[in-house]
Structure formats: C-alpha cells, structure tokens
Amino acid sequence: MTAQAGSKDSFSVALFGKGGAGVVTAGEMLLAAAAQCGLYGLIIRAVGPQIRGGEAAALVRLGKVPVDCLDDRFDLLLGIGWKHAERLLPEISIDADSVVVTDPAQESVPESVLVSGAEIRELNMKELAETVSGGRANMVALGYVAALAGIPQDAIFQAIEKKLGHKGRDAVDISVEAAMLGFSKAEDLAPAEVADSGAKERWMISGNHATGLGALRGGIRFAAAYPITPATEVLEWLAPRLHDAGGTLSQAEDELASINMAIGASFGGVPSLTATSGPGLSLMIEGLGLAVCAEVPVVVVNVMRAGPSTGIPTKPEQSDFNAAIYGMHGDAPHIVVAPNSVSDCVYTTQWAVHLAEAMQVPVIVLSDQFLGQANVIADPIPAISFFTKRKLAEEVADDFERYAVTADGVSPMPIPGTPGGQYTADGLEHSRKATPSGTAADHTAQLDKRAGKIDSFDYGQHWAEIEGSGELAIVTWGSTTSMVREAMQRLPDKISENLKLIALRLLLPARPNEMAAALDGTKRVMVIEQNHTGQLYRFLRAWYDLPADVDTLHRPGPSVFRPGEIATKIEAWCSE
Amino acid sequence: MNAVAPCKFKASDYKSGTKPVWCPGCGDFHVFLGLIKAVAALGIRPEEIAVISGIGCSSRIPAYLNCYGFHGLHGRALPLATGLKVARPDLTVIAAGGDGDGFSIGGNHLIHACRRNVDLTYIVMDNEVYGMTKGQPSPTTAPDWDSKLAPGGSGIPPFHPLVVALASGANFVARAFSGDTKGTTKIVADAITHPGFSFVQILSPCVTFRPDQRNWKNKVHPAPVATTTDPAQAARRVMTDDGFNIGVLYKGSRESYAQTVEPNARSDRDLDEEFFV
C-alpha cells in the first residue's frame, strides 16, 4: 500500500472508461481480489445520466481497516480511454503524488489531469488485450492495478473465477491471461508492502442489499414496489428472497399504490415495507399519515438523492430530513431512523421493523444514494434478535376496544380472521371503539395515545452511536457519520482527545434527555450534515437543549463529504 | 384462515349497528342490504371478510358492517385491498366506494387492479356526483349537468367505467341497480364467487343532489342478452347500450394473481451465504 496525504492505511483507485469498457466490472473484481487477501474496501460507481453507454468510473478504495467512505484523493487514476472524461473528473481528485495510467493508442490525457502534476505512465491496454483472443482492456487494467495495490495473483484468479465462472472455462481463462499481461507490466513498480495475505471470511454487500437483509431479518413478508433510482435494488433484491421466505412482493402502479398496498398487507397482520426515494416519499406522505391515524405498522425506506423535485437522481444528499420529519399534515407522531454506514443498513432496517411492529406506527428509514449503492467489503454482519412482536388481540372480549388507551399507548390489534375482533381501521379520528368521532375528548385522547406510545418507548442505547469524550462534540447522522469518523481519526491528538461523536440513529422522536446526558460536560457542538439549509441543525435547535456555542457544517450534494474537508473544518473550529 | 364449513348466517349478523350518515332515501342503503344478503347467502363468516374503502358517502360502508374494514384514503381503496388480499389470500376482500373515489382520484388504480386481476370484488356505488362535498360533477356526470363548480355543465363527456374495466382485463363485469335489492344480492354474490378481479357498477341514486335519479327505477331493465365470455363483445354492448342494462355482462376465465404465487418454495435459503466473498 502506498502512503499518501489522505489515509495512510488505504489505497484509492479510479478506473475510467466509456460505457461498455467494463471499468465497473474491473473495479468489482479488484475489490473482490482485495477481499481474498484480507483487505477491506469500498466501490462507488459513477455514471453519466444515460441508461446505456456513455462514460463510467469505478471509484475503489482499499484498506487494511474497514473503509466506509471515499478518501480525499486518488492514488491512481487509470483511463482505458478519456472520451467525455470531463463529465466525471470533477469527482476524481488527483495531485502531484498521484499516478495516472493512460493508453497511448487512445485519446490523450485531458488537460485537467495534466495540470495536477501527477506522474503519467503509459500502458498499451488495448494492444496487450488484443494479443489474447477475446481479451479485453479492462482485464489488463485490473491486473496492472492489482499488482500496484500489492494484491497477489492467486487472489486475482479467484476474483475472476467468482465473477465469470458462470460463463464457462474459456471466459475465465481469457480474462486471467489478459489480467496477467497487465500484472506483469506493474510487477516491478509494485510497492514493497504486500497486502495482508491471511484469508478472512468477509462479506461484499451494498447498502441497498443490506437494507433488504435487515428487512427480512426483521420479519418483513410483504413488500410493495415502484421502481425509483436509487432505491430499486432494495426491491429487486427482496423480490425472489421474499418469495422464498413465504412472503410476496407486489409491483404497484405508483407510489400512492405502493404505500397503500403495504398498509393493507400490514392491516392483514403481515409485516410490510416499501422502498423509494424523495419524489416517491412525497407521494407516500398521505399514506403515512393514514398509518399513523389507523395505527398500522409499516416501514418506508427512503434512499435519499439530491432534491428538490427530480433533482439529481444518481447522487446523494441528506435533504429529505424535513420531509420525513414534518411532511405529514396534522399532528402525526411517527418514527424516523437513519443508518450510519453501509453495514449499519442491516441493523437499522431490522430495528425499524421492530419499532414499527412494536408500536403500530410507520417508520421512515433515511438511507441515501451513497450508502445504498456503495459496495463494501465488511466483516460478516451478525444477526441480532428483538423479542417484541406486534401486540395482537387473539382472544377478543365482548367489550373489546381496538384503540383502547393503555399504559404504554399500544392497543392490542386483532388481525382479520380473528372472531369477534371486527373493527374498521380509519383515517377519520375515532373513539376507542374505532367508530368515527369528532369530539374534542376523543381527538385529544387519541392524539395523546399516539404521541405517548412513541415517547415512552424504550429505545435503549440504539438512539445514537456515541464515541470518544471531551468538551467538544460533533453531532451528525446518516452517511456523513463515516466521513466524520475518519476525519476525527486524522486530527492531531490534542484535538481528537477532546472530541466526542454523537451520530443519531433515531431522528424522530427527539430524545432530549438522552442527548442532555450525552452532552454532559460538552462546551461546544458542531452539527455536520449534507444539505443546503442545515435541516438537522434546525431540528436540534427546536427540540434539544444545546450549549450556547453551536456551529454547523452543512453543504448540499451531489459530491459526498471527504474526510479531509471535515477534518480541516473541525481544526479551524477548534482554533477559534 | 380457519377451515370452518360454511355456517348459517342471517343478513343482520353482518350489521355493526352503527347508524349510517347517508340521507334518507339514499341508494346506498340498498347496496348495503344487497351486500349483507349476498355474504349471508354465501355463508362467509363475518371475521373472514374485509371491506376496504376510500372517501365519500358510499365509502362509509365498512363501519356499518360487522366485518373487518378499512376506511382509508380518498381514491386508494383498491391498492389497500390489493395489499391485503395478496398478503392474506384466505380472506374475502371487497373494495367499495363511489364514482369520484374510484374513477377520478383513484382512476389509475382501477385500470391496474383490472390488469393485475387479484381475487377481489370492487363495488362502485355510482350516483354521478360528489355527494359528500355537496354536489360537484364526477367522471360519470353528464356534460350539461349544472352545478356551482361547473355552471351550465362541465362540457366533458362521461367516463365509461365498464368499458375501461373490460379493456383493462377485469375478469367479471356487471351492472346492478340499488333499487333492485334481489338482483344486487345475486350479482354481488356472483362477483364474490368468481375468481379474479370482479367489478360491479351499482347505479345508486343520490336523492339529495341528483333528485332526478329517483326516476332511474323506471329506466333500468335487465340486459337483453346473456353474459358473454368475449370481452370485445361485452365492450361493444356496454358502449352502445343506454346505460341502464342490468346484469352480469362479462365473465372471463383468467387465472387470478394470487394463485400464481407458491409460498415457501425455498424457505430454507440461507440469506447470509450469498454475501461471503
């Protein structure tokens, strides 16, 4: 591994090529090969707006320790060609310490790359590939980059076998041969330090698949689906697996239908979910209010992209916070949670199902495009279990009241088929007996009950991840947590020793008491998030007692925060 | 869910006892009567039935029944009912509502519910007006019907729900008249029994905002032809009739959506296994 200005323990590679050149495939193989020899890593796919063709980049970061975000810069930029490179280069920061690999037979290296002062190396990728019948330049690139990263040949073979094995022996052999041609060109240049060769049991997983896994582990057995970027993979992953688990997935005609299908299935006693992104969430908001009023559990995963409106569908932003918190009309208490890493999508989604079922309430999970579509090498994510199930009315007495006011605010729910439990779930305000009611007494009693069950619930330690201690605290949420964590590791000891991280997993309801305890002894707070208006910051101001000295770092997408950007800001803040 | 043999139920066993909000003389009282007589005749246990509705006068019907019910959002009865039936195929699921709810705000769901063909029965109490909001034109209102919102008439020709249902793949299409309780009972029972998506338009007069509809009882007549299994023939008939043909107009033989699912095909699948590198 090379030691650079960014993280000392990681190696960042950008592979660029026109659509169809296979840079994403090569990047995924590189990651898989790294995993074979005990490394961690992450890959982001950057593409233009076209459906097929056009330019693409695979942004890969390998590390000896788990990596959950991109580094500030790339150690290596390899272009199989450079056509339309200017569309994606702004996302790929290189400098005089970087190496750029170019094919002399293709377009010349763009001016913006040359001005970086990076070392330019030539590699005849196309020509070398053509010496192997059916060989492709992306495999030559894979071999070359893997050698530079210190990945041994065996690991590359295994990665190719795993990815192409289903295409037959020839396909594997051709790719291996091409990769070895690239490997041999870089052997002499390879860093002395070789990757950890101890084979480890590791997972490769994307946040969207992790979300699906969390949903299934949590007991989801019905999903309604309307395709939307960047959430579709949650639903596509679930479709066959739900079926195998004895559940069903139904494709809806629109998001209005998908939220209502999920509510209908859950009314029938089957834990239900749908996944969407900003525009779909907006359409589902009326349905979420119905689930609040009728007290039907349902989980909506919102994989955020840059907004408003259609926005930037393939890029992340943490800007649906307000919509998730405040979107519904009326006083509509509900739950909003956010995973804080790709791996945490499993846990947080499972927890969301648990909360929805335990409290008979809708839960919104705020993931984002970065978390959802990044693939990481991670340690296997252990299964956890929650014991609380939906409180059902299985034996129903004559004086049964569906919306009885109980000590914990959760009323036993009869599911259709239960004799004597018949009631009409309603979006109209209702009495305890579920009959429509417009009286002040019933309205107040039900509002109190619906708010109380959420407020009095025991969220345990799961409401936030709290790391470190000191007089300074960073409050953040969602995907930004990974960048903040890494930034904190890079800060000088005299700062990091006095710095605490509070990453909120539970965004709604507010937990002012827990926060007060977490902030005990804290003199200054900085709130970090990726949106234009500081949505979490404003929410904290309204609901939490914070120290007088609160600063904020917030900026919109489409580019994600880099650790260095955050570290610089924190350092300046500390010296104020 | 419970494999209990059909029992003897009286129609009154399906009444919750809640007093309807409907105006005296509203056609929906008779639709309600037809529905409870139909499920009583079929011997379906009250707790095995779920009646799902949207918003509007007729959408209040679930609360008047001693069945499970969901009075949901305006226009969204069909997706709510679809989710329930797909997740719980053991239940008898009936969606019900009015012409504004089903053909205007919920129109897209009608098309796709017909196409999807989940084993549901959808009853639309059509009075050609928005009654709950006190008299605005709906998709089935004649173009010259005068109202505050559309003085002199909307000028828009009415929507033809039965043709849309046929074109979209509904497996059972019928028209009933609320004033004919006996006929309504028979048609609704037939619709519930028929597999797949069954669509029943019930002409149900609004005596308050459309007093002219009191005359419907003199206009309706049994369909002069037998039920067809040819959707094109059925569509031609309903497009050219006077709108008052009563009866089961079409019965198809499509397999219903829920039947294509085979649960537990591979329930032993290890979810974690696929993630290992």
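Asks: Tell me about the packing of helix α5 (residues 153-164) of chain A against helix α6 (residues 169-186) of chain A, and please be specific about residues and values.
Replies: Residues and elements named next belong to chain A. Remark: α5 packs on α6, axes separated minimally by 10 Å, with the N-to-C direction vectors making an angle of 145°. Crossing hand, α5 versus α6: right-handed. Where α5 approaches α6, its residues Gln153, Ile156, Phe157, Ile160, Glu161 and Leu164 are matched on the opposing element by Ala171, Val172, Ser175, Val176, Ala179 and Phe183.

Asks: Requested: an account of the sheet that holds strand β8 (residues 245-251) of chain B, with residues and values cited.
Replies: Read from one edge of the open sheet, 9 strands run β15(A)-β2(B)-β1(B)-β3(B)-β4(B)-β6(B)-β5(B)-β8(B)-β7(B), paired in mixed fashion. The open sheet terminates on both sides in strands that have one partner only, identified here as β15 (424-426) of chain A together with β7 (221-222) of chain B. Relative to strand β6 (residues 198-203) of chain B, strand β4 (residues 121-126) of chain B runs parallel, the two sharing 6 bridges. Each residue of the ladder has a partner; that of Asp126 of chain B, found in β6 of chain B, is Leu203 of chain B. Where helix α8 (residues 231-240) of chain B meets the sheet, it contacts β5 (172-177) and β8 of chain B, and its direction lies at approximately 160° from that of β8 of chain B.

Asks: Which residues make up helix α1 (residues 23-36) of chain A, and what are the values?
Replies: Residue and element names in this part refer to chain A. Taking 1.5 Å per residue, 14 residues should reach 20 Å; α1 reaches 20 Å between its end C-alpha atoms and fits that length. Counting buried positions over the 14 residues of α1 gives 13, a clear majority of the element. One or two steps after α1, the chain reaches Gly38, where phi turns positive at roughly 85°.

Asks: An account of unusual backbone geometry is needed here, citing residue identities and associated values.
Replies: Note on backbone geometry: most residues besides glycine have negative phi, and most peptide bonds are trans. Note that the residue after Leu508 of chain A, namely Pro509 of chain A, is joined by a cis bond; omega there is 5°. Within the fold, Pro509 of chain A resides in the loop between β19 (506-508) and α17 (512-518). Unusually for a residue other than glycine, Gln360 of chain A sits at a positive phi of about 55°. Relative to the helices and strands, Gln360 of chain A is located in the loop between α12 (344-359) and β13 (362-368). For Gln360 of chain A, a count of 23 C-beta atoms within 10 Å puts it in the buried group. Despite not being glycine, Asn117 of chain B shows a phi value in the positive range, around 65°. With respect to the secondary-structure elements, Asn117 of chain B resides in the loop between α4 (107-116) and β4. Given 24 C-beta atoms within 10 Å, Asn117 of chain B falls into the buried group.

Asks: Explain α8 of chain B to me, and be specific about the residues and the numbers.
Replies: Residues and elements named next belong to chain B. Every buried residue of α8 is listed here: Pro231, Ala234, Ala235, Arg237 and Val238. All buried residues of α8 lie within an arc of 165° about the axis, which places them on one face of the element. For α8, exposure combined with an orientation more than 90 degrees from the buried face picks out Ala232, Met239 and Thr240.

Quick notes on the rules
- Residues numbered from 1 in each chain as written.
- Chains lettered and ligands numbered in written order.
- Predicted model: local features only at pLDDT ≥ 70, side-chain atom pairs only at ≥ 80, totals over all residues.
- Axes fitted to C-alpha atoms, helices over the stretch in contact; angles between N-to-C directions.
- Helix = DSSP H or I, 4+ residues; strand = E, 2+ residues; numbered from the N terminus.
- Left-handed = near helix turned anticlockwise from the far one by under 90°.
- Contact = placed C-beta atoms within 7 Å.
- Pairing = 2+ DSSP bridges.
- Expected span 1.5 Å × (residues − 1).
- Buried ≥ 20, exposed ≤ 12 C-beta atoms within 10 Å, placed from the backbone.
- Arc of directions from axis to C-beta.

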